[in-house]
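Descriptive analysis of the structure
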Amino acid sequence: MTTPKTWFITGASSGLGLALTRLVLAVGDRVVATSRRGVLPVQHPSLSVVRLNPADRDECRRAILKGHETAGCLDLLVNNAGYGLVGATEEVSEEEARSILDVDLLGPLWLTQAALPLMRTQGSGHIVQISSTGGVGAMPLLGLYNAAKWGLEGFTESLAGEVSSMGVRVTLVEVGAMNTQWVTSGMQFSAPIPAYDELRERLFGTAVVPWPSEPGATGGGSSPEAIAEGILAHVTAPEGPLRLVLGEGAADQIRMVLDQRQQDYAGQPGFQVDH
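This text gives an overview of the structure that appears in the document.

Criteria and thresholds
- Residues numbered from 1 in each chain as written.
- Predicted model: local features only at pLDDT ≥ 70, side-chain atom pairs only at ≥ 80, totals over all residues.
- Heavy atoms only, no water.
- Helix = DSSP H or I, 4+ residues; strand = E, 2+ residues; numbered from the N terminus.
- Contact = heavy atoms within 4.5 Å.
- Lys, Arg positive; Asp, Glu negative; His and termini not counted.
- Charge placed at Lys NZ, Arg CZ, Asp CG, Glu CD.
- Axes fitted to C-alpha atoms, helices over the stretch in contact; angles between N-to-C directions.
- Parallel < 35°, antiparallel > 145°, perpendicular 65-115°, else oblique.
- Left-handed = near helix turned anticlockwise from the far one by under 90°.
- Nonpolar A, V, L, I, M, F, W, Y, C, P; charged D, E, K, R; others polar.
- Phe/Tyr/Trp six-rings, centres within 6.5 Å; stacked < 30°, edge-to-face > 60°.
- Core = buried A, V, L, I, M, F, W, Y, C linked by side-chain atoms within 4.5 Å.
- Buried < 20%, exposed > 50% of the residue type's maximum accessible area, 1.4 Å probe, protein only.
- Pairing = 2+ DSSP bridges.

**Some points on the overall build of the protein chain**
Helices and strands together make up the secondary structure of the protein chain, namely seven helices and nine strands. With the C-alpha coordinates of the protein chain rotated into their principal frame, the extents come out at 55 × 55 × 30 Å. Taking as baseline every contact in the protein chain between residues at least 6 positions apart, the subset at least 24 positions apart corresponds to 69%. Side-chain charges of the protein chain comprise 19 positive and 29 negative groups, with the mean position of each set lying 9 Å from the other.

**As for the packing of helix α3 (residues 94-122) against helix α4 (residues 143-163)**
The interhelical angle for the contact between α3 and α4, taken along N-to-C directions, is 15°, at an axis separation of 8 Å. By the angle between their directions, the pair α3 and α4 is classed as roughly parallel. For the pair α3 and α4, the sense of crossing is right-handed. Of the residues in α4, those in contact with A97, I100, L101, D104, L105, P108, L109, T112 and L116 of α3 are L144, Y145, A148, G151, L152, F155, L159 and V163. Of the residues belonging to the contact of α3 with α4, the class tally is 14 nonpolar, two polar and one charged.

**Re the packing of aromatic side chains**
Evaluated as defined, the whole model comprises three aromatic pairs. Relative to W211, the ring of F189 has its centre 5.0 Å away and its plane inclined at 85°; by these criteria the two rings are edge-to-face. Residue F189 is found in strand β8 (residues 187-189), and its partner W211 is found in the loop between α5 (197-204) and α6 (224-236); the two are separated by 22 residues along the sequence. With 5.0 Å between their ring centres and 65° between their planes, F204 and W211 make a pair best called edge-to-face. Three or more aromatic residues joined by ring pairs make a cluster, and in this case those are F189, F204 and W211.

**Observations regarding the nonpolar core**
Ranked by internal contacts, the top residues of the largest apolar core, which has 29 residues, are W7, L20, V31, I130, V173 and I231. Within the residue set of this core, elements represented by two or more residues are β1 (6-9), α1 (15-26), β2 (30-35), β4 (76-79), β6 (125-132), β7 (168-175), α6 and β9 (243-246). Ranked by residue count, the leading element in this core is α1, at seven residues. Every residue in contact with I231, bar those within four places of it in the chain, is listed here: L16, L20, I130, V173, L244 and L246. If you look at the next biggest cluster of nonpolar residues, it comprises 22 residues, including C60, I64, L74 and L118.

**Remarks on the sheet that holds β4**
With parallel pairing, the seven strands of this open sheet are ordered in space as β3-β2-β1-β4-β6-β7-β9. The strands lining the two open edges of the sheet, one partner per strand, are β3 (47-51) and β9. Averaged over all pairs of adjacent strands, the angle between strand axes in this sheet comes to 20°, irrespective of strand direction. Judged from the eight bridges that link them, β6 and β7 form a sheet pairing that is parallel. When the sheet's bridge partners are listed, H126 is paired in β7 with R169.

Fair warning: the whole summary comes from geometry, so function is off the table for now.
Written as structure tokens, this is what we have:
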């Protein structure tokens, strides 16, 4: 019999967070799950639900400590909470920019800072950051979302080198297309400037902001359950890569980005390849 592990999962009221919560409970582990309203559409004896606004640093610290007190340990932190923002760089307001960085970048930072002392004391732990292919490359009209995910990838890569000797493992999950409501009801939109309507039409098939969607519509791609299974398999393995690529089309998207980046550098002084 293995001792049940305790997971702290943010953004667990829907999508990947909810799928991962259900899967972890099903395999016999404990979950401390967070949502902004403090409720989840699932009940279980091994589930504790905490209300959390990930943009509030003090609230992040209190939530981690409360989860640790409830379960007696903290084995895995999964920073999943986040949202998307559609808007050209010129269109994004100061409030929108600060808000998405607060939730998608600084929220994981505050929770990571709160969890590390507990994991160091235990001599073990695993921090899982939910990134995306948007953390590797950037797309027009998604620049602030990309900025948040690039920042997440940057400090997480640094973190991995800082804590590996302390028994703490770190993973970046780079997710491709996932069949959730993230691209519909979970997406926010900046006020449009007409100069970018043609680009919106070309990229998204519509210049309408926000784009039309049916109630409950999803974005297509891999199921959140399949992504959750990939995460569980990775964290239960004794070792694995820093960057875990999951989801439909993710590997192809990342390969294209890296190929283009290599082409950008090729031919510049210091980057020529000798044959």
